[in-house]
Amino acid sequence: IEEENDRYFDELDALTRRLTASLHTRCLVMLSGPSSSGKTTSALLLRDNLREMGVDAHTVSLDDFYRGRGNAPQLEDGSYDYETPEALNLPVLQHCMETLIKEGRADLPLFDFTKGAPSEKTRELRIARDSVVIFEGIHALNPLFEQHLPQENLFKVFVNTISPIYDGSDKLLARRDIRLVRRLLRDERFRSSPVENTMEMWPQVTRGENLYMFPYVDTVDTVLDITHAYEPCVFA
């Protein structure tokens, strides 16, 4: 456990040093990964690492930009596609990114997950000239968000379960299966969502990953492996 945790934290430390070494202007870190890959955990740890290095660092969840329940493109079966980028309020997201880079401030939306709709409240974010803002979400790598932003202000990070779990030459858990087990446990224990719900949603989740995220993985600046070899023991 200590060895695996050390490996992960060493990767985060290397990323932190890489960011701080090249930091001369406001930087937006676009951190993406599939469901239950460790996006939020990695974003928060990276923020804390940067702050320990004296960098003004913040995190922003793309989930706060969702339009809300019933406000997304519909699939052929009539269900709503909440995995598509168009389920987000793209004009607001792009505006927030632009004003952060140009003016050093933005009024960020907040999403009320209990109501399934955007909150009436917003939060103001002010940053310094050499600040880092980590935008975390499945769509963070989408080129839609880069059209009006200078490339020198962007840094792309992809996190995922890179390593399957083997017993000798036998594969016990594929990478996507590791994430599925993580999500099953998380939803049941911390979101009051039974495993049946997660299993029913999973095909649409993976469809969204294949369509809207994986095609852009080859554009990233660095990759973090969030697999931990002791996970099957924890799952059991």
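A short tour of the structure in this document, coming up. The model shown is predicted, which means the values in this text are computed figures rather than measured ones. (Residues numbered from 1 in each chain as written. Predicted model: local features only at pLDDT ≥ 70, side-chain atom pairs only at ≥ 80, totals over all residues. Heavy atoms only, no water.)

1. Structural notes on the overall build of the protein
- Scanning the protein from N- to C-terminus turns up six helices and nine strands.
- Taken over C-alpha atoms, the radius of gyration comes to 18 Å for the protein, in line with the 18 Å a tight globule of 236 residues would show.
- If one aligns the C-alpha atoms of the protein with their principal axes, the spans along those axes are about 50 × 45 × 30 Å.
- Looking at the protein as a whole, 47% of its 236 residues qualify as buried.
- Carbon and sulfur atoms make up 50% of the accessible area of the protein, which amounts to about 12400 Å² in all.
- Looking at the protein, you have 27 positive and 39 negative side-chain charges, and the mean spots of the two groups are 4 Å apart. (Helix = DSSP H or I, 4+ residues; strand = E, 2+ residues; numbered from the N terminus. Rg over C-alpha atoms; globule rule 2.2 N^0.38 Å. Buried < 20%, exposed > 50% of the residue type's maximum accessible area, 1.4 Å probe, protein only. Areas by Shrake-Rupley, 256 points an atom, 1.4 Å probe, with all protein chains shown as cover. Lys, Arg positive; Asp, Glu negative; His and termini not counted. Charge placed at Lys NZ, Arg CZ, Asp CG, Glu CD.)

2. Some remarks on the sheet that holds strand E1 (residues 27–32)
- Pairing within the open sheet is parallel, and its five strands lie in the order E2-E5-E1-E6-E9. Whereas interior strands pair on both sides, the edge strands pair on one side only; in this sheet they are strand E2 (57–61) and strand E9 (222–225). Across the sheet, the mean angle separating the axes of adjacent strands is 25° when strand polarity is ignored.
- As paired elements, strand E6 (residues 154–160) and E9 share four bridges and run parallel to each other. From the neighbouring strand, Phe-158 faces E9, where its bridge partner is Val-223.
- In this fold helix H1 (residues 2–21) packs onto E1, E6 and E9, with an angle of close to 160° to the strand it touches most, E9. (Pairing = 2+ DSSP bridges. Axes fitted to C-alpha atoms, helices over the stretch in contact; angles between N-to-C directions. Contact = heavy atoms within 4.5 Å.)

3. Thoughts on the layout of surface pockets
- Computed from the structure, the largest pocket encloses a volume of approximately 1800 Å³.
- Around the largest pocket, the lining is made up of 46 residues, and of these Ser-35, Asp-63, Arg-183, Arg-186 and Arg-191 lie nearest the centre.
- Of all elements in the fold, only H1, helix H2 (39–52), helix H4 (175–190), helix H5 (195–212) and helix H6 (231–235) reach the threshold of two or more residues within the lining of the largest pocket.
- Looking at the lining of the largest pocket, the element that brings in the most residues is H4, giving seven residues.
- By residue class, the composition of the lining of the largest pocket is 17 nonpolar, 16 polar and 13 charged. (1 Å grid on protein atoms, 1.4 Å probe; cavity = no way out; pocket = protein on both sides within 12 Å on 5 of 7 lines; lining within 4 Å. Points joined across faces, edges and corners; volume = space filled by probe spheres on them. Nonpolar A, V, L, I, M, F, W, Y, C, P; charged D, E, K, R; others polar.)

4. A few points about empty space enclosed by the protein
- On inspection of all chains with the given rule, the structure shows one cavity of 30 Å³ or more.
- Put simply, the largest cavity is a space of about 30 Å³.
- Looking at the largest cavity, the residues that line it are Gln-94, Met-97, Glu-98, Leu-144, Phe-145, Gln-147, His-148 and Leu-149.
- Residue composition of the lining of the largest cavity, grouped by class: four nonpolar, three polar and one charged.

5. Re the packing of aromatic side chains
- Summed over the entire model, instances satisfying the criterion amount to four aromatic pairs.
- An angle of 35° between the planes, with centres 6.0 Å apart, marks the rings of Tyr-80 and Tyr-82 as tilted.
- Residue Tyr-82 is classed as partly exposed on the basis of its relative accessible area of 29%.
- A ring pair is formed by Phe-158 and Phe-214, whose centres lie 6.3 Å apart and whose planes are at 70°; its orientation type is edge-to-face. (Phe/Tyr/Trp six-rings, centres within 6.5 Å; stacked < 30°, edge-to-face > 60°.)

6. Regarding the pairing of E1
- When you tally the buried positions in E1, you get six out of six residues, the bulk of the element.
- For E1 and E6, the ladder comprises five bridges, and the chain directions are parallel. Bridge assignment links Leu-31 to a residue of E6, and that residue is Val-157.

7. Thoughts on unusual backbone geometry
- Its identity is not glycine, yet Ser-36 carries a phi of approximately 60°, on the positive side.
- Mapped onto the secondary structure, Ser-36 falls in the loop between E1 and H2.
- Its relative accessible area of 14% is what places Ser-36 among the buried residues.

8. A closer look at the nonpolar core
- Ranked by internal contacts, the top residues of the largest apolar core, which has 26 residues, are Leu-28, Met-30, Leu-93, Met-97, Val-133, Phe-135 and Phe-145.
- When residues of this core are traced back to their parent elements, those giving at least two are E1, helix H3 (90–103), strand E3 (105–112) and strand E5 (132–136).
- Examining the composition of this core, we find that six residues originate from one element, H3, more than from any other.
- In this structure Val-133 touches Cys-27, Leu-28, Val-29, His-58, Val-60, Leu-100, Leu-125 and Ile-127, once residues within four positions along its chain are discounted.
- Core analysis: the next-biggest nonpolar cluster, separate from the first, contains 19 residues, Leu-12, Leu-19, Leu-31 and Ile-226 among them. (Core = buried A, V, L, I, M, F, W, Y, C linked by side-chain atoms within 4.5 Å.)

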